[in-house]
Amino acid sequence: MKVDAEVELGVAKNPVIRNFVFPWRLILLGSGIPQFLLIFITFSSSTYANMARAHIPPSWIIFSWEIVVVLHSLEAIYTAILCKTYKTGLHYGSLWTLTTLLFGYPSWIQLKKLVQQARIDSIIKGE
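Residues numbered from 1 in each chain as written. Predicted model: local features only at pLDDT ≥ 70, side-chain atom pairs only at ≥ 80, totals over all residues. Heavy atoms only, no water.

Student: Just to check I follow, could you spell out the packing of aromatic side chains for this structure?
Tutor: For any pair of aromatic rings, the description consists of the separation of the ring centres together with the inter-plane angle of the planes. All told, the structure shown has 7 aromatic pairs when counted by the stated rule. With 6.1 Å between their ring centres and 20° between their planes, F36 and F40 make a pair best called stacked. A residue pair is termed a helical-turn pair when its members lie 3 or 4 positions apart in one helix, as F36 and F40 do in helix α3 (residues 32-43) at 4 residues. Assessed through its relative accessible area of 26%, F40 is described here as partly exposed. Pairwise contacts between aromatic rings join F20, F22, W24, W96 and F103 into one cluster. (Phe/Tyr/Trp six-rings, centres within 6.5 Å; stacked < 30°, edge-to-face > 60°. Helix = DSSP H or I, 4+ residues; strand = E, 2+ residues; numbered from the N terminus. Buried < 20%, exposed > 50% of the residue type's maximum accessible area, 1.4 Å probe, protein only.)

If you want it as structure tokens, here you go:
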């Protein structure tokens, strides 16, 4: 929070992020499994998917997709704002935003970690 205040006052500058790191670990441990299950239940014709659809009302599946679309869209907008703030450029900004639109919060969490690491590196270089 101190760094954010210094940036607002013009004392410090935001770091520039010029890379993209796909958040495999966060996706696999976070949103990946529920998303995979939703895709599997919705589109698969296997016996297991048919059993799941027999026990889950179709309105719940539709509602789940609506939640995913709305939340991921909002997260993608937030990521686009972060990319503008940290001057990622069009190429990397598009990658970060598209990844967030597809996979959700693990992508912008990874971006925030890169920003934090860049801030720490700039402090170490300054000393």
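That was the structure; now back to the text.
Student: I would appreciate a short explanation of unusual backbone geometry in the present structure.
Tutor: The backbone of K87 shows a phi angle near 50°, a positive value even though the residue is not glycine. Looking at the secondary structure, you find K87 in the loop between α5 (58-85) and α6 (89-103).

Student: What am I meant to see in α5 here?
Tutor: In an α-helix there are 3.6 residues to a turn, and that puts residues three or four apart on one side. Taking 1.5 Å per residue as the helical rise, α5 with its 28 residues ought to reach 40 Å, and the 41 Å between its terminal C-alpha atoms agrees with that figure. Within α5 the residues assigned to the buried category are I61, V68, H72, E75, A76, T79, L82 and C83. A positive backbone phi angle near 50° is found at K87, which sits one or two residues after α5. (Expected span 1.5 Å × (residues − 1).)

Student: When you look at the packing of α3 against α5 in this model, what are you seeing that I'm missing?
Tutor: How two helices sit against one another is set out by the angle between their axes and by the gap between those axes. Viewed as axis vectors pointing N to C, α3 and α5 meet at an angle of 135°, and their least axial separation amounts to 11 Å. Between α3 and α5, the crossing angle belongs to the class labelled oblique. Note that α3 runs across α5; the crossing there is left-handed. Judged by residue contacts, Q35, L38, I39, I41, T42 and F43 of α3 engage I61, S64, W65, V68 and H72 from α5. In the contact of α3 with α5, the residues fall into 7 nonpolar, 4 polar and no charged. (Axes fitted to C-alpha atoms, helices over the stretch in contact; angles between N-to-C directions. Parallel < 35°, antiparallel > 145°, perpendicular 65-115°, else oblique. Left-handed = near helix turned anticlockwise from the far one by under 90°. Contact = heavy atoms within 4.5 Å. Nonpolar A, V, L, I, M, F, W, Y, C, P; charged D, E, K, R; others polar.)

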